[in-house]
Amino acid sequence: QVQLVESGGQLVQPGGSLRLSCTASGRTFSRYAMGWFRQAPGKDREFVAAVSYSGRNTYYADSLKGRFTISRDNAKNLVHLQMNSLKPEDTAVYYCASDDYGAVRGRSPSDYHYWGQGTQVTVSS
């Protein structure tokens, strides 16, 4: 049974940084692409970033490129999302997701098969 558990979400001031982590279990982590999505109240879940099975290929939402960085540690079954220069509009529940393929197939939530429970990020002064 695949399990994804996010951590690291908290209240942070505008301009601050935060690092989210997702721990995966239940299958061979290093074989599958991983992604981060977020969902703000009243909005659809949106793509944030994704990384291929090896970590070699990364993808970002255009609006977030340059502020967010996705990475993975296959030895520890971890995927991270480093978020810098945070803005109030980054406030959302952030979700970790896993695909059933090694390459990143797309940016839609429907492209991912497994999901974590989410971690709340609030950017406010």
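Described in the following lines is the structure provided in the data block. These numbers come from a predicted model, not from an experiment.

**What to know about the overall build of the protein**
Looking only at helices and strands, the protein has zero helices and eleven strands in total. Secondary structure elements in the protein, listed N-terminal to C-terminal, are β-β-β-β-β-β-β-β-β-β-β. Taken against the 2.2 N^0.38 rule, which gives 14 Å for 125 residues, the C-alpha radius of gyration of the protein at 13 Å falls within 12% of a compact globule. Overall, the protein is about 40 × 25 × 25 Å in size when its C-alpha atoms are taken along their principal axes. Classification of the 125 residues of the protein by burial places 45% in the buried group. Residue pairs at least 24 apart in sequence account for 59% of intrachain contacts in the protein once pairs closer than 6 positions are excluded. For the protein, the computed accessible surface area is about 6,400 Å², with 44% contributed by carbon and sulfur atoms. A distance of 5 Å separates the average location of the 14 positive side-chain charges in the protein from that of its 10 negative side-chain charges.

**Details of the pairing of strand E11 (residues 119-123)**
Because side chains alternate across E11, one face comprises the buried residues Thr119, Val121 and Val123, and the other comprises Gln120 and Thr122, none of which is buried. Summarising the sheet, strand E2 (residues 11-12) and E11 pair through two bridges and their orientation is parallel. In the sheet register, Val12 faces E11, and the bridge partner there is Val123. The pairing of strand E9 (residues 92-98) with E11 spans three bridges and is antiparallel. Within the sheet, the bridge partner assigned to Ala92 lies in E11 and is Val121.

**Side note on the state of the cysteines**
If you walk through the whole model with that rule in mind, you get one disulfide. The disulfide that involves Cys22 links it to Cys96, with 2.1 Å between the sulfurs. Sign of the S-S torsion, about -75° for the bond between Cys22 and Cys96, identifies this disulfide as left-handed. Of this pair, Cys22 sits in strand E3 (residues 18-25) while Cys96 sits in strand E9, placing them 74 residues apart in sequence. The exposure class assigned to Cys22 is buried, which follows from its relative accessible area of 0%. Accessibility expressed as a relative area gives 0% for Cys96, which makes it buried.

**Notes on the sheet that holds strand E8 (residues 78-83)**
One open sheet holds the four strands; their spatial order is E1-E3-E8-E7, and the pairing between them is antiparallel. The open sheet has two edge strands, strand E1 (3-7) and strand E7 (68-73), and neither has a second partner. Sheet twist, expressed as the average angle between the axes of neighbouring strands with direction ignored, equals 15°. With five bridges connecting them, E1 and E3 associate as antiparallel partners. Pairing of Ser7 across the sheet is with Ser21, part of E3.

Reading guide: rules and limits
- All residue numbers here refer to positions counted from 1 along the written sequence of the relevant chain.
- Given that this is a predicted model, residues contribute local features only at a pLDDT of at least 70 and side-chain atom pairs are listed and counted only at 80 or more, while totals for whole chains, interfaces and linings are drawn from all residues.
- Only hydrogens and water are removed before side-chain values are computed, so all heavy atoms of the structure are retained for them.
- Only DSSP runs of H or I covering at least 4 residues are called helices, and only runs of E covering at least 2 are called strands; the numbering of each starts at the N terminus.
- Using C-alpha atoms as the atom set, the radius of gyration is obtained and then compared with a globule rule of 2.2 Å times the number of residues to the power 0.38.
- Exposure is judged per residue with a 1.4 Å probe applied to protein chains only, and the accessible area is read against the type maximum: over 50% gives exposed, under 20% gives buried, and values in between give partly exposed.
- Throughout, a contact is declared for two residues whenever any of their heavy atoms are within 4.5 Å.
- Using the Shrake-Rupley algorithm and a 1.4 Å probe, accessible areas are obtained, with residue cover drawn only from the displayed protein chains.
- Charge counting treats Lys and Arg as positive and Asp and Glu as negative, with His and both chain ends excluded.
- A single reference atom marks each charge: NZ on Lys, CZ on Arg, CG on Asp, CD on Glu.
- Pairs of strands are assigned from DSSP output, requiring at least two bridges between the strands.
- By convention in this document, the label disulfide applies to cysteine sulfur atom pairs within 2.5 Å.
- To obtain an axis, a line is fitted to C-alpha atoms, over the contacting stretch when the element is a helix, and the angle between two such axes runs from 0 to 180 degrees between their N-to-C directions.

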